[in-house]
Every structure is written in C-alpha cells, then in structure tokens.
Amino acid sequence: MIRPDSLAVLRDKKARKSLNRYFRVIEGIIPPKFKISRKLPVDYKEDLPTEELWKIHRKSLEEYVKLESKIDSNTVRLDDLETPEKSFLDLKITIARRILRSCHLCSRRCGVNRLKGEKGYCRCGDKILVSTIFAHMGEEPELVPSGTIFTLGCTLKCLHCQNWSISQWYERGVTYTPKELAVEIDRLKEE
C-alpha cells in the first residue's frame, strides 16, 4: 500500500530538483555515496594521530566531491573503478573507531571506550540495539516509503520526544551485528 501523494511526488518537478541526487539513487541511476567512497583510494597509516587522519580526510573529501561529480554526470562508471587496498570509506571507519574508543559522538563527550563495551550517558555500548525495523509510511511524501530503523539510546532527553520509550531504554531492543543490519537494509530497499 503506497500513499497517493508519495507516488505524485515522484513526478513533482520542485521535489525532484531539490532532492535530485536522492531520487536518482532511489531509482538506481547513480550509486549511493558509500559505494563511491569505497572506490576512492586513500593512502594513510593506521597509527597516525587522529588530527593527521582528519587532515587526510579533508583533502580526500575534495577528491571525493570530484569523483562523485564525474560518476553522477556519467563521465566515469563506478563499476570501471578498481577497489583500492585502502579507501576513503576505510579512512572514515578508522576515524569512527577512534571516536568510539574515547566516545565524543554527542555533545556530552563522555569519553567511554565503546569498543570495549563501556556505556556512556546514552547507555550505548559496542552493540547495535534495535527497537523496530519497518517501511515507514508516515513522513513527508518525498520520503515515503522509507526504510526506518529505530535504534535505542539518546542523550538529549527532549521533554516532548515522540520516541521516549526507545530513546530512554524503556524497551529492551534486539541486538544486531553489522552484517545482520545490512541484510535488513537490503530487505527494506527491496520492500
């Protein structure tokens, strides 16, 4: 069951113009950013200080923007690019692991080592805990249907949070490995 307005928005010129890349990815015309990131070679050493990794990231981001533009304009095909030993995506993963080792993903900057299972203010550790996974039909027509995954934990404690039971751990949730979550994301895309 699809909402009529979500079908109409596919033909809406203003929506297509403002969300051009989004629609082209959905329609399989161009690849999502993570797939492009996986093809951009980046040379770095794992043991560099984090600030040095961020400098490499900033420089690589400039190269990424150029590559994305070439792929989006069809002057370069993603499938024609070799997968490098180390990519822009690998660099992002390396930096993310550094952040999780002394967590500062939110403004509370609690500094726990989530990679070792320590839990900070948000009570999130090294596991992905999911409340629900479903095709969401209740948002703006440009985003309907959308694959929705509600994970547990939030540091904000907003007074009128519509997802309080999820964000504040009143639910137990189900643990997912990254691979299991990827399978669910693929299933949602097909759905």
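### Some thoughts on the overall build of the protein
The secondary structure content of the protein amounts to eight helices and three strands. Its helices and strands in sequence order give the protein the pattern α-α-α-α-α-α-β-β-α-β-α, from N to C terminus. Each principal axis of the C-alpha distribution contributes one length, and for the protein these read about 45 × 45 × 30 Å. With 191 residues in all, the protein has 30% of them scored as buried. Sequence-distant contacts in the protein: of pairs separated by 6 or more residues, those separated by 24 or more amount to 54%. Summed over its atoms, the accessible surface of the protein is roughly 13300 Å², and 55% of this surface lies on carbon and sulfur atoms. Across the protein, the 36 positively charged side chains and the 28 negatively charged ones have centroids separated by 3 Å.

### Here we look at helix α8 (residues 178-190)
With 13 residues, α8 extends 19 Å between its outermost C-alpha atoms, agreeing within 8% with the 18 Å of an ideal straight helix rising 1.5 Å per residue. Listing the buried residues of α8 in full gives L181, E184 and L188. With its buried residues spanning 55° around the axis, α8 presents them on a single face. In α8, the exposed positions angled more than 90 degrees off the buried face are occupied by K179, V183, D186, K189 and E190. Packing partners of the buried residues in α8 comprise β1 (128-136), β2 (146-151) and β3 (174-176).

### Thoughts on a nonpolar patch on the surface
On the surface, Y22, I26 and L143 cluster together into a nonpolar patch covering about 240 Å² of accessible area. By the secondary structure assignment, Y22 is in helix α3 (residues 20-26).

### Details of the packing of helix α5 (residues 50-72) against helix α6 (residues 88-101)
Pairs of packed helices are described in terms of their axes, by the angle between the two and the distance that separates them. Two elements in contact, α5 and α6, have axes whose closest approach is 10 Å; the angle formed by their N-to-C orientations is 150°. Between α5 and α6, the interaxial angle falls into the category roughly antiparallel. The two elements α5 and α6 meet at a crossing, and its hand is left-handed. The residues of α6 that touch α5, namely those facing T50, L53, W54, I56, H57, S60, L61 and Y64, are F88, L91, K92, T94, I95, R98 and I99. For the contact of α5 with α6, the per-class residue count stands at nine nonpolar, four polar and two charged.

### Notes on unusual backbone geometry
A negative phi holds for most residues other than glycine; trans holds for most peptide bonds. Backbone geometry places R109, a non-glycine residue, at a positive phi of 45°. The topology assignment puts R109 in the loop between α6 and β1.

### A look at the packing of aromatic side chains
As enumerated under the stated definition, the model contains three aromatic pairs in all. Aromatic pair Y22 and F23: ring centres 5.8 Å apart, planes at 75°, arrangement edge-to-face. Between F134 and F150, the aromatic rings sit 5.9 Å apart at their centres with planes inclined by 35°, giving tilted as the arrangement. Here the residue F134 occupies a position in strand β1, and F150 occupies one in strand β2, the gap between them amounting to 16 residues.

### Some words on the nonpolar core
In this structure, I36, F88 and L91 are the most contacted members of the largest nonpolar core, which totals 13 residues. Among the secondary structure elements, those contributing two or more residues to this core are α5 and α6. Membership of the second largest hydrophobic core comes to six residues, among which are C124, L129, L152 and I166.

### What about the pattern of salt bridges?
Applying the stated rule across the entire model yields 11 salt bridges. Across the pair E27 and R16 runs a salt bridge whose closest N-O atoms are separated by 3.0 Å. Of the two residues, E27 is situated in the loop between α3 and α4 (33-37) and R16 in helix α2 (residues 13-18); the sequence distance between them amounts to 11 residues. According to the relative accessible area criterion, E27 is partly exposed, its value standing at 40%. The salt bridge partner of E184 is R187, with a shortest N-O separation of 2.8 Å. Note that E184 and R187 are positioned in helix α8 at a spacing of three residues, about one turn of the helix. Counted as one network, the salt bridges with shared partners bring together R21, K33, E68 and D72.

Rules of the game
Residues numbered from 1 in each chain as written. Predicted model: local features only at pLDDT ≥ 70, side-chain atom pairs only at ≥ 80, totals over all residues. Heavy atoms only, no water. Helix = DSSP H or I, 4+ residues; strand = E, 2+ residues; numbered from the N terminus. Buried < 20%, exposed > 50% of the residue type's maximum accessible area, 1.4 Å probe, protein only. Contact = heavy atoms within 4.5 Å. Areas by Shrake-Rupley, 256 points an atom, 1.4 Å probe, with all protein chains shown as cover. Lys, Arg positive; Asp, Glu negative; His and termini not counted. Charge placed at Lys NZ, Arg CZ, Asp CG, Glu CD. Expected span 1.5 Å × (residues − 1). Arc of directions from axis to C-beta. Patch = residues over 30% accessible without salt bridge, like charges linked within 9 Å, V, L, I, M, F, W, Y side chains within 5 Å. Salt bridge = Lys/Arg side-chain N within 4 Å of Asp/Glu carboxyl O. Axes fitted to C-alpha atoms, helices over the stretch in contact; angles between N-to-C directions. Parallel < 35°, antiparallel > 145°, perpendicular 65-115°, else oblique. Left-handed = near helix turned anticlockwise from the far one by under 90°. Nonpolar A, V, L, I, M, F, W, Y, C, P; charged D, E, K, R; others polar. Phe/Tyr/Trp six-rings, centres within 6.5 Å; stacked < 30°, edge-to-face > 60°. Core = buried A, V, L, I, M, F, W, Y, C linked by side-chain atoms within 4.5 Å.

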